[in-house]
Amino acid sequence: MRIVNLATAKARLSELIHSAESGEEILITRHGQPVVRLASVDQPKRSIASPAAFRSKLPGCQKIALLWFALSETRALDPPYLDEAMTTT
């Protein structure tokens, strides 16, 4: 952790920010007392365009999606009496 006084921090703020982005922590002092710690923040998570775009990047997810779609389509075609027969047994 680098310690810098306030006057130096004001004069070299861009350089200190670049160092903080690289992972270094900088402690800024006023009259020898620590007042601010300069550190990088975690990168914000990028939003995805759509759930389909997210799924397309997952390995094997396309096969699962196709299988799910096929199952839901066949389930919609089942006669309603099959539901009743399955619940009464």
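Predicted, not measured: the structure shown is a model, and the values here were computed from it. (Residues numbered from 1 in each chain as written. Predicted model: local features only at pLDDT ≥ 70, side-chain atom pairs only at ≥ 80, totals over all residues. Heavy atoms only, no water.)

**Student:** Looking at this structure, I do not really get helix α2 (residues 13-21). What am I missing?
**Tutor:** At 3.6 residues per turn, the α-helix brings residues three or four places apart onto the same side. Taken together, the buried positions of α2 are L16, S19 and A20. The buried residues of α2 occupy an angular sector of 100° when the element is viewed end-on, so they sit on one face. Exposed and oriented more than 90 degrees from the buried face of α2 are S14, H18 and E21. Residues of α2 that are buried in the fold lie against β1 (2-5), α1 (6-11), β2 (26-30) and β3 (33-38). In the stretch just after α2, G23 is the one whose phi turns positive, near 110°. (Buried < 20%, exposed > 50% of the residue type's maximum accessible area, 1.4 Å probe, protein only. Helix = DSSP H or I, 4+ residues; strand = E, 2+ residues; numbered from the N terminus. Arc of directions from axis to C-beta. Contact = heavy atoms within 4.5 Å.)

**Student:** In this structure, what is going on with the nonpolar core? I would like to understand it.
**Tutor:** Side chains that are nonpolar tend, in soluble globular proteins, to be buried together. Formed by V4, A9, L16, A20, I26, I28 and L38, the largest nonpolar core amounts to seven residues. Elements that contribute at least two residues to this core include exactly α2 and β2. Ignoring sequence-local partners within four residues, the contact set of I26 consists of R2, V4, L16, S19, A20, V36, R37 and L38. (Core = buried A, V, L, I, M, F, W, Y, C linked by side-chain atoms within 4.5 Å.)

**Student:** I keep staring at the pattern of salt bridges and nothing clicks. Help me out?
**Tutor:** Two side chains bearing opposite charge may form a pair once their charged atoms approach each other closely. Taken as a whole and assessed by the stated rule, the structure comprises three salt bridges. Where E15 meets R2, a salt bridge forms, and the shortest distance between an N and an O atom there is 3.8 Å. Residue E15 is located in helix α2, and its partner R2 is located in strand β1; the two are separated by 13 residues in the primary sequence. The closest approach of N and O atoms between E15 and R12, which form a salt bridge, is 2.6 Å. Using a relative accessible area of 37% as the deciding quantity, one classes E15 as partly exposed. (Salt bridge = Lys/Arg side-chain N within 4 Å of Asp/Glu carboxyl O.)

**Student:** Where do I start with the side chain of T29 in this structure?
**Tutor:** Inspection of the secondary structure puts T29 in strand β2. We classify T29 as buried; its relative accessible area is 10%. Apart from residues lying up to four places away in sequence, T29 is in contact with I3, V4, N5, L6, P34 and V35.

**Student:** What am I meant to see in the environment of I3 here?
**Tutor:** Following the sequence through the fold, I3 ends up in strand β1. Those residues in contact with I3, other than ones at most four positions away along the chain, are L27 and T29.

**Student:** Would you mind showing me how to read the side chain of S19 here?
**Tutor:** Along the chain, the position of S19 falls in helix α2. For S19, the residues in contact, after removing those within four places along its chain, are R2, E24 and I26.

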